[in-house]
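If you want the building blocks of each chain, they are given just below.
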Amino acid sequence: MTIALWCVLIAALLPYVATGIAKFATDQRYDNRDPRAFLDRQTGMAKRADNAQKNGFEAFPLFAAAVLVAEMLQASQERLDILAIMFVAARVAYLGFYLADLHAARSIAWLIGIVACITIFVLAA
């Protein structure tokens, strides 16, 4: 399996890391009977982690599609791997910046991730 495909797996799992942080970064006891309502009531870092996991699930389909199209069309594997790593690194940074409440840095990390996805599609063209 290629590095880019491993990055798809990593990117798919990152939102769950944020979900775990959201559930346990609070002094309230986690309510597994109604987890969505529990997360909706959170504030501070727990709320930011919940928002980060939602954005992670939103960003993932574009990245996965880009990598799969590039793999299918046999784009340069070395460049694809670099761009996939760049996306994952940007998403890890995005999560860290979101948790730290660094909104400008978070936006830059988000932009880097989107640019990586678009570049992967262009690479495949």
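Residues numbered from 1 in each chain as written. Predicted model: local features only at pLDDT ≥ 70, side-chain atom pairs only at ≥ 80, totals over all residues. Heavy atoms only, no water.

**Student:** What should I look at first to understand the overall build of the protein in this one?
**Tutor:** Across its full length, the protein holds five helices and zero strands. Reading the protein from its N terminus to its C terminus gives the helix and strand order α-α-α-α-α. Principal axes of the C-alpha set define a box for the protein whose edges measure 50 × 30 × 15 Å. Considering the protein as a whole, with its 125 residues, one finds that 37% of them fall into the buried category. (Helix = DSSP H or I, 4+ residues; strand = E, 2+ residues; numbered from the N terminus. Buried < 20%, exposed > 50% of the residue type's maximum accessible area, 1.4 Å probe, protein only.)

**Student:** Before we go on, may I ask you to explain the side chain of Asp 81 in this structure?
**Tutor:** Following the sequence through the fold, Asp 81 ends up in helix H4 (residues 77-99). One buried charged side chain, Asp 81, makes no salt bridge at all; its nearest oppositely charged neighbour is Arg 79, positioned 11 Å away. In this structure the side chain of Asp 81 is engaged in a polar contact, spanning 3.0 Å, whose partner is the backbone nitrogen of Ala 4. Once you skip the residues sitting within four places of it in the chain, Asp 81 turns out to touch Thr 2, Ile 3 and Ala 4. (Lys, Arg positive; Asp, Glu negative; His and termini not counted. Salt bridge = Lys/Arg side-chain N within 4 Å of Asp/Glu carboxyl O. Polar contact = N/O pair within 3.5 Å; in protein donor to acceptor, adjacent residues only side chain to side chain. Contact = heavy atoms within 4.5 Å.)

**Student:** Sorry if this is basic, but what is going on with the state of the cysteines here?
**Tutor:** Among covalent bonds in proteins, the disulfide is the one between the sulfur atoms of two cysteines. What the rule picks out here adds up to zero disulfides. A disulfide-free cysteine, Cys 117 has its sulfur positioned 11 Å from the sulfur of Cys 7, the nearest such atom. (Disulfide = S-S within 2.5 Å.)

**Student:** Mind showing me how you'd approach the packing of aromatic side chains here?
**Tutor:** Any pair of aromatic rings gets described here by the distance separating the centres and the angle formed by the planes. Overall, the coordinates contain three aromatic pairs when judged by the stated rule. When the ring of Phe 63 is compared with that of Phe 87, the centres are 4.0 Å apart and the planes differ by 10 degrees; the resulting orientation is stacked. Linking Phe 63 in helix H3 (residues 44-72) with Phe 87 in helix H4, this pair joins segments that are 24 residues apart in sequence. No difference in accessibility class separates Phe 63 from Phe 87, as the two residues are buried. Where Tyr 94 meets Tyr 98, the ring centres are 5.5 Å apart and the plane angle is 85 degrees; that geometry is what we call edge-to-face. Pair noted here: Tyr 94 and Tyr 98 are both in helix H4, with a separation of four residues, about one helical turn. Over the aromatic face of Tyr 94 sits the side chain of Arg 91, whose NZ or CZ is 4.2 Å from the ring centroid. The ring of Tyr 98 has Arg 106 lying over it, and the distance from NZ or CZ to the ring centre is 4.1 Å. (Phe/Tyr/Trp six-rings, centres within 6.5 Å; stacked < 30°, edge-to-face > 60°. Lys NZ or Arg CZ within 6 Å of the ring centre and 35° of its normal.)

**Student:** Sorry if this is basic, but what is going on with a nonpolar patch on the surface here?
**Tutor:** On the surface, a cluster of nonpolar side chains totalling about 670 Å² of accessible area is made up of Met 1, Trp 6, Leu 9, Leu 13, Tyr 16 and Phe 57. Per-element tally for the nonpolar patch: the top contributor is helix H1 (residues 3-24), with four residues. Its relative accessible area of 66% is what places Met 1 among the exposed residues. (Patch = residues over 30% accessible without salt bridge, like charges linked within 9 Å, V, L, I, M, F, W, Y side chains within 5 Å. Areas by Shrake-Rupley, 256 points an atom, 1.4 Å probe, with all protein chains shown as cover.)

**Student:** Where do I start with the packing of H4 against helix H5 (residues 103-124) in this structure?
**Tutor:** Pairs of packed helices are described in terms of their axes, by the angle between the two and the distance that separates them. Relative orientation of the contacting elements H4 and H5 amounts to 160 degrees, with a least axis distance of 8 Å. In terms of their interaxial angle, H4 and H5 are classed as roughly antiparallel. Handedness of the H4/H5 crossing: left-handed. On the side of H4, the interface is formed by Arg 79, Leu 80, Leu 83, Ala 84, Met 86, Phe 87, Ala 90, Arg 91, Ala 93, Tyr 94, Phe 97 and Tyr 98, while H5 contributes Ala 105, Arg 106, Ala 109, Trp 110, Ile 112, Gly 113, Ala 116, Cys 117, Thr 119, Ile 120 and Leu 123. Split into classes, the residues belonging to the contact of H4 with H5 amount to 18 nonpolar, two polar and three charged. (Axes fitted to C-alpha atoms, helices over the stretch in contact; angles between N-to-C directions. Parallel < 35°, antiparallel > 145°, perpendicular 65-115°, else oblique. Left-handed = near helix turned anticlockwise from the far one by under 90°. Nonpolar A, V, L, I, M, F, W, Y, C, P; charged D, E, K, R; others polar.)

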